[in-house]
Amino acid sequence: MSATTAHPPVRTALRPGLVLRGLLLGGLAILALLPVLNQLPQDSALHVSDFVVAVSGKWICYAILALAIDLAWGYAGILSLGHGAFFALGGYAMGMHLMRLIGPRGVYGHPVLPDFMVFLGWTELPWYWWGFQHFPFALLMALAVPGLLAGLVGWLAFRSRITGVYLSIITQAMTYALMLAFFRNDMGFGGNNGFTDFKELLGMPLNTSGARAALFYAALLALGAALLLCRHIARSKLGRVLVAVRDAESRLRFLGYDTTAVKLSVFVLSAMIAGLAGALYVPLVGIINPGEFSPGNSIEAVVWVAVGGRGTLVGALLGAFSVNALKTWLTSFAPDLWLFVLGGLFVAVTLLLPRGLAGLFRREEGR
Amino acid sequence: MFRLLCLLASLLLIPAASQAQESFEATAAPLAGSFTAQAEAVERLGALGDPRALPLLQALAEGRLQKQADGTLLIAQNGAVREALSGAPAAGPGEVVRINNRVRAALRGALGRLQLMSPEEAVRAAAAEGLFRSRSAENIPLLEQALARETVPAVGRRMEMALAAARLMSGDVATRRAGIATLGASSSAEARGLLLEARAAGAETADGIDAAIAAIDGRLKLRQMAETAFQGLSLGSILLLAALGLAVTFGVMGVINMAHGEMVMLGAYTTVMVQEALRGIPWLAAWSLPLSVPAAFLVTAAVGVALERGLIRHLYGRPLETLLMTFGVGMILQQAVRLIFGAQNREVVSPAWMQGTLTLPGDVTVTQNRLWIILFALVVLGLTVAAIRFTRFGLEMRAVVQNRRIAATMGIRTGRVDAMTFAFGSGIAGMAGVAVSQIDNVSPNLGTGYIIDSFMVVVFGGVGSLAGTMIGAFTLGLVNKMLEPWAGAVLAKIAVLVGIMLFIQRRPKGLFALRGRAAEQ
Amino acid sequence: MTVRFPVSRRALLGAAAGALAMPAIRPALAQGSGPIKVGVLHSLSGTMAISETALRDTVLMMVEDQNRKGGVLGRKLEAVVVDPASNWPLFAEKARELLQVHKVDVTFGCWTSVSRKSVLPVFEELNGLLFYPVQYEGEEQSKNVFYTGAAPNQQAIPAVEYLMSEDGGGARRIALLGTDYVYPRTTNRILRAFLNSKGIADADILEEYTPFGHSDWQGIVSRVKQFASQGKKTAIVSTINGDANVPFYRELGNQGIKAEDIPSVAFSVGEEELAGIDTKPLVGHLAAWNYFMSVDSPVNTEFKKMWASYIKNPKRVTNDPMEATYTGFRMWTQAVGQAKTTAVDAVRSAMYGQKVEAPCGYTEQMFENHHLSKPVMIGEIMENGQFNVVYKTPTAIKAENWSPFIPENANRAKAG
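Predicted model only: the values in this text are computed from it and were never measured.

1. Remarks on the overall build of chain C
(1) Moving on: Assigned secondary structure in chain C consists of 12 helices and 14 strands.
(2) Moving on: Rg of the C-alpha trace for chain C: 23 Å, near the compact-globule value of 22 Å for 416 residues, within the 12% margin.
(3) Moving on: If you line up chain C on its principal axes, its C-alpha atoms span 75 × 65 × 45 Å.
(4) Moving on: Classification of the 416 residues of chain C by burial places 62% in the buried group.

2. Regarding the overall build of chain B
(1) Moving on: Tallying secondary structure elements over chain B gives 21 helices and six strands in all.
(2) Moving on: Principal-axis analysis of the C-alpha atoms places the extent of chain B at approximately 100 × 60 × 40 Å.
(3) Moving on: Pairs at least 24 residues apart make up 67% of the contacts formed inside chain B by residues separated by at least 6 positions.

3. Looking at the interface of chain C and chain A
(1) Moving on: On the side of chain A, 47 residues touch chain C, which itself brings 49 residues to the contact.
(2) Moving on: Looking at the side of chain C that touches chain A, the elements with two or more residues in it are α1 (9-21), β2 (77-82), α3 (88-101), α4 (113-125) and α6 (182-197) of chain C.
(3) Moving on: Ranked by the residues each element gives to the side of chain C that touches chain A, the list is headed by α3 of chain C, at nine residues.

4. Considerations on the packing of helix α6 (residues 164-183) of chain A against helix α20 (residues 448-461) of chain B
(1) Moving on: Packing of α6 of chain A against α20 of chain B leaves a shortest axis separation of 10 Å and a crossing angle of 130°. By the angle class used here, α6 of chain A and α20 of chain B are oblique. Handedness of the α6 of chain A/α20 of chain B crossing: left-handed. On α20 of chain B, the residues that touch Y166, I169, Q172, A173 and Y176 of chain A of α6 of chain A are I452, F455, M456 and V459 of chain B.
(2) Moving on: Looking at the contact of α6 of chain A with α20 of chain B, its residues break down into eight nonpolar, one polar and no charged.

5. Considerations on the environment of Y269 of chain B
All names here are of chain B.
(1) Moving on: As for its placement among the helices and strands, Y269 is situated in helix α12 (residues 260-278).
(2) Moving on: You can call Y269 buried: it has 25 C-beta atoms within 10 Å.
(3) Moving on: Separated by 174 residues in sequence, Y269 and S443 have C-alpha atoms that sit 8.2 Å apart.
(4) Moving on: In this structure, Y269 is in contact with V337, F341 and V442, ignoring residues within four places of it in sequence.

6. Topic: the interface of chain B and chain A
(1) Moving on: On the side of chain A, 37 residues touch chain B, which itself brings 34 residues to the contact.
(2) Moving on: Mapped by element, the contributors of at least two residues to the side of chain B that touches chain A are α15 (319-341), α20 and α21 (466-506) of chain B.
(3) Moving on: Element by element, the count of residues in the side of chain B that touches chain A is highest for α15 of chain B, at 13 residues.
(4) Moving on: Looking at side-chain class alone, the side of chain B that touches chain A contains 25 nonpolar, six polar and three charged residues.

7. A few points about the sheet that holds strand β13 (residues 377-381) of chain C
Residues and elements named next belong to chain C.
(1) Moving on: Reading across the sheet, the seven strands line up as β7-β6-β8-β9-β10-β13-β14 and stay open at both edges, with mixed pairing between neighbours. Taken across any chain shown, the strands that pair with only one partner, and hence form the sheet edges, are β7 (205-210) and β14 (387-392). For this sheet the average axis-to-axis angle between neighbouring strands, irrespective of direction, equals 25°.
(2) Moving on: Bridge count for strand β9 (residues 264-266) against strand β10 (residues 286-289) is two bridges, and the pairing is parallel. Residue pairing across strands places V265 opposite L286, the latter belonging to β10.

8. Focus on the confidence of the model for chain B
Low pLDDT marks regions whose predicted coordinates should not be analysed in detail.
Residues and elements named next belong to chain B.
(1) Moving on: Mean pLDDT over chain B works out to 84, with 94% of the residues at or above the 70 mark.
(2) Moving on: Counting interchain partners and residues more than four positions distant, the pLDDT-below-50 stretch residues 7-20 has eight contacts.
(3) Moving on: Every residue in residues 516-521 is under pLDDT 50, and counting partners more than four places away or in other chains gives eight contacts.

9. As for unusual backbone geometry
All names here are of chain C.
(1) Moving on: Even without a glycine there, the phi angle at A85 is positive, about 55°.
(2) Moving on: Of note, A85 is situated in the loop between β2 and α3.
(3) Moving on: Looking at A85, the number of C-beta atoms within 10 Å reads 21, which means it is buried.
(4) Moving on: A positive phi angle is found at H370, which is not glycine, with a value near 70°.
(5) Moving on: Along the polypeptide, H370 turns up in the loop between β12 (363-365) and β13.

10. Thoughts on the confidence of the model for chain C
Residue and element names in this part refer to chain C.
(1) Moving on: Per-residue pLDDT for chain C averages 85, and the proportion of residues at 70 or more is 91%.
(2) Moving on: The element-level mean pLDDT for chain C is lowest in α1, coming to 42, with strand β4 (residues 130-132) highest at 96.
(3) Moving on: The low-confidence segment residues 1-31, where pLDDT is below 50, has 26 contacts with residues more than four positions distant or belonging to other chains.
(4) Moving on: Here the complex is predicted with pTM 0.85, and the ipTM for its interfaces comes to 0.84.

11. Here's the deal with the sheet that holds strand β4 (residues 95-96) of chain B
Residue and element names in this part refer to chain B.
(1) Moving on: Pairing within the open sheet is antiparallel, and its four strands lie in the order β3-β2-β1-β4. With one partner strand each, in any of the chains shown, β3 (80-83) and β4 form the two edges of the open sheet.
(2) Moving on: In this structure, strand β1 (residues 65-67) lies alongside strand β2 (residues 73-77), joined through three bridges in antiparallel fashion. Bridge assignment links K67 to a residue of β2, and that residue is L73.

12. Looking at the environment of R235 of chain A
(1) Moving on: Tracing the backbone through its elements, the reader meets R235 of chain A in helix α7 (residues 209-235).
(2) Moving on: Spatially, the C-alpha atom of R235 of chain A lies 17 Å from that of A316 of chain A, the residues being 81 residues apart in sequence.

13. Some words on the nonpolar core
(1) Moving on: If you look at the biggest cluster of nonpolar residues, it comprises 358 residues, and the most contacted ones within it are A63, I64, L65, A66, L67, A277 and V302 of chain A.
(2) Moving on: Ranked by the residues each element gives to this core, the list is headed by helix α2 (residues 50-75) of chain A, at 20 residues.
(3) Moving on: In this structure, A128, A162, L163 and I209 of chain B belong to the second largest nonpolar core, which totals 54 residues.

14. Section: the pairing of β2 of chain B
Residue and element names in this part refer to chain B.
(1) Moving on: Counted between consecutive antiparallel strands, the loop separating β1 from β2 contains five residues, among which G71 sits at a positive phi close to 95°.
(2) Moving on: With four bridges connecting them, β2 and β3 associate as antiparallel partners. By the bridge assignment, I75 is partnered in β3 with R82.
(3) Moving on: Where β2 folds back on β3, the antiparallel hairpin that results is connected by two residues, among which N78 adopts a positive phi of roughly 50°.

15. Here we look at α15 of chain B
(1) Moving on: Look at α15 of chain B: 32 Å from first C-alpha to last across 23 residues, which is about the 33 Å you get at 1.5 Å a residue.
(2) Moving on: The buried count for α15 of chain B comes to 18 of 23 residues, which makes it a mostly enclosed element.

16. Concerning the packing of helix α8 (residues 237-254) of chain A against helix α9 (residues 259-285) of chain A
Residue and element names in this part refer to chain A.
(1) Moving on: Contact geometry of α8 with α9 gives a least axis separation of 10 Å together with a crossing angle of 155°. Classified by the interaxial angle, the pair formed by α8 and α9 is roughly antiparallel. Seen from above, α8 lies across α9 with left-handed handedness. Across the interface between the two elements, V241, L242, V245, E249, L252 and R253 of α8 pack against T259, V262, K263 and V266 of α9.
(2) Moving on: Grouping the constituent residues of the contact of α8 with α9 by class yields six nonpolar, one polar and three charged.

17. Notes on the environment of D70 of chain B
(1) Moving on: Of note, D70 of chain B is situated in the loop between β1 and β2.
(2) Moving on: Separated by 38 residues in sequence, D70 of chain B and A32 of chain B place their C-alpha atoms 9.8 Å apart.

Calculation notes
Residues take numbers from 1 onward in each chain, read along the sequence in its written order. Here every chain gets a letter starting at A, and every ligand a number starting at 1, in the order they are written. Predicted model: local features are reported for residues with pLDDT of at least 70 only, side-chain atom pairs are reported and counted for 80 or more only, and whole-chain, interface and lining totals are derived from all residues. By the criteria applied, helices consist of DSSP H or I runs no shorter than four residues and strands consist of E runs no shorter than two, each listed in order from the N terminus. Here the radius of gyration uses the C-alpha set of atoms, whereas the globule reference equals 2.2 Å times the residue count to the power 0.38. Think of it as a crowd count around each C-beta: if 20 or more other C-beta atoms lie within 10 Å the residue is buried, if 12 or fewer it is exposed, and in between it is partly exposed, with C-beta placed from the backbone throughout. In this description, a residue-residue contact is defined by the distance between C-beta atoms placed from the backbone, which must lie within 7 Å. All axes here are fitted lines through C-alpha atoms, helices being fitted over the stretch that makes contact, and every angle between N-to-C directions spans 0 to 180 degrees. Any angle between 65 and 115 degrees counts as roughly perpendicular, while under 35 counts as roughly parallel, over 145 as roughly antiparallel, and the rest as oblique. With the far helix as reference, a near helix turned anticlockwise by less than a right angle produces a left-handed crossing, and one turned clockwise produces a right-handed crossing. In this classification, Asp, Glu, Lys and Arg are treated as charged, Ala, Val, Leu, Ile, Met, Phe, Trp, Tyr, Cys and Pro as nonpolar, and every other residue, Gly included, as polar. In this description, strands pair whenever DSSP reports at least two bridges between them. The predictor attaches a confidence to each residue, and that confidence, scored 0 to 100, is pLDDT. Residues enter a nonpolar core if they are buried, belong to Ala, Val, Leu, Ile, Met, Phe, Trp, Tyr or Cys, and are joined to the set through C-beta atoms within 7 Å. Expected span of a helix: the number of residues minus one, times 1.5 Å.

In structure tokens, the structure reads:
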């Protein structure tokens, strides 16, 4: 990408931003209250249903994914259209753990093999399923596999100075190839059906309000941690170098910075955060399937960030929550028309609000 | 079951001693019965050699044979219904006599016998084909007679094959060997099947059959290689068509249009509309497909202009934002088409000249529709190159690409050129839609299947190079098809994607890299 | 370029907050009064919209029809339509929304197995009631789901038996072509075991899988031709899913594979799928279902009339999953009438043994295995895109949702 490409400045005009920050903290506080309100009696005016808890838990995971994308795109200028793949890989790692925990409770009562392997006639567990019965191992894999893949793809790409649109297209091809691969039943990941019907996690039976609340808080905690981490990076020297990479990579290279290493490390970190989001997402929604790898999903996640305002961490969260809330509402309220509204929103935001919703709270600035 | 019993009962009631007249009628009567009875009756009618059998069997094959409640057979022709045997006008239409595959196979043999001496070349060829498939030693004299009279070499070759197939069924070893020799000289997979069947039936000629099969296999291998190459070219031509429009909008203008697939979809829907509009005009209806090409170009070009002037021009220089915005546009276009035309597939009828197969030398068969699409892709490529090289618009477009400011100072209205370029690229996508409608679903989701492949082709070939796009498309098509028999369709596709990713990192600018200032952007 | 956004910040925030709070603010509806709510959980966008929108329309038609007859238990029915958008996690979310927010009494929905698997835990946890109207691979039985489509023994096995019969051409070599997902994989595993039991060796079986929406069938059709040149009568058994069928049939027609030579029988191709194809080159190819639009029965005549007057488009056809939706809906209204309540447990008990005159011309019965008894019909494609029924079982067949051809079922723990 050329050096002239305009990017919004990262941290300016903090005063109107205070409104935004207040909003963010207030929003997170309300979120944190939801499972408590859920425990109120049904007829209480403040009671919220399980549905609200479950669905906002999902949005929290999406918000973590949006943070990860924002870190790579908003700060380092790496627009990956394959972050859905890292998210899905993290989800699959957790899904494999959940499948192993079903144990003999599957319909065929096989002590080790998941149902889908049994009725497709598999006789033993493939080697890459080993170890997933242990939670720490699964969690490690949920971070390591996306990280390694991002490291490989990033190393190949950044080394040959593939940037901008080309990088976007390559990452899109990556997630597309993975989708095709995971759809294959021979891969041993359940093909199109993926993993469902989980029973428990960490000794806690899923499908109870208590479990949902626990998962909800775990996701919220992860969101907070990811937010703090990203904020720390953004404010550190690394953050400034990232912005410099985004705005004038060649110049930075001439100054002696190893831009490849900088980009690679932030890309890998971003992929690991996305993997974590996926790992939290799967027990919350109760299913993981190759559809998560579909290129459209990744683009949608990028659009959340664009809608919220890239280059600001608050913007990523705002975008993920508002777009998904809108989608949840519209798919019930206007099932035939919601694509118009959502599509129209994407067009309007890119056209009219180049700095996203967060830009509304910041002082107008010339280019 | 009940019908079968009735039929048996009615058969028993027919006096056993019968004259020729009654015999024909008795033979024809079961055509109104069960499928088994039908198949046997068809075979007997074919063997009888009675000329009255032909219209009866043709009517049965074409679904024009009807029956009344009492079993009287009727033939419908040109809107009139007559009694099949007497020719007298029928009181009213009866129930259409339905057949199944078994009856259809019997009909093919019987009609083949009856039509082998037809004055029409095409009918004789079809008859020979039917006899080749139904193969019975009883047909040997008939085929020999027909072959002796045949003057058209192509039909004669078919008759020879049919004769060989019939000889294969003969009880006489020498005759069988003659049949084996003829079949062994062909390169037809069907002949191979017949030989294997004969080998399983009797051991006396096994050595001859083995040699014949080995000979066929050698030729089949060559033939399959040629056919795989054709399949690769065909896939490549689809990729080329889908990617060409993108090569213009992305390669020349730097606009990432995620709604490109939807442009292809709109082109396919235009084809449907043109076809439906022309349905009432018989002399034009046959031309609906060629007429769809300019129509699709104009429709999608118009949408392209609207898109460029209304939205995209505000985002020049920010390709990633364009990507996100056009993703939204794609969503809107898809849902709009779904609401207007329905989510179901729309039917596109292929004209007769695009159906069936064409046999090339060496028995290589290629499907007509794909052959036409390859030609179409090359023509569209040629026109695109010509438009860019030799027209004023092309000149201005190249000028704007190379240096927008200087082009503007030279008096070129760059905004207009941008709009026209985008319209041009979209129009090409629309024309691709016309071709795609001939092989794929016409549904609102049509575009999503092409967008990633198109990007891959453009990036692989080299952004901004039409020659690169063409070579890229055909290379990917061929590689994909050559991998497919080994790896299966999915792994082949994954391998191609991974291959492109690795290739891009070796050569980030693709096969044909642009040099100079333009490449730096 | 910066453009001022005309909408005030407050309005925007208000909209976002409203969307968040929407599910929470709802009128407290007492159960047992007001309309009976019928959830409709079919994709209206995305890849499955092509098949599922017709089922949404069928449910809406049935609701309208039932209301004209005075509703159920003296209460009107009210349909709640949501769009799960062919997105499987969204199916689970929407199922929870239907049950917890909209408090539906029954849901008609899902097409793909994965969507059913996705909503299953939700329906079980919240004790909802789902009617699933599509033929599927079996190996499942939930107390919260009534399966009104066919199990493999009600479709696949009779179809292959027909191909091997004299009428079907006496096939001795079978090409199993399918889309790579669970339904074809399981069905083909069952079929392979069945074929082996009929003396057909593995060498005479070809199994090929393609991805969803596969559009280039040249190679596979050529391979089938090659496979057919081994001197034995060959047939194709297709479990190719929805979208991929049009290009598959076009390639079959164009490569000149005639039904007399290599007949193909499909399990996922109905009237709706054929609407997008010129069927003249395909005459004689087969499909196996439990209902065809061309079936001649009084109930079907009424069903078709109802559909035509509801959809107001003479080109729209009826198909098997629509008939299964119809049958399931009728059965549910009968069961509710008998149980005198919409409470799930009572309705479930009332469902067992419930009988309905289905449009297929047979009386179908719901058994305690939550599956319907169904007749098997084999139809040949006709020139007009309809099917000519060439074989049907004399009676409705009981479903074997746990296939005896899957050996693991022998040591399966008894399902609840």
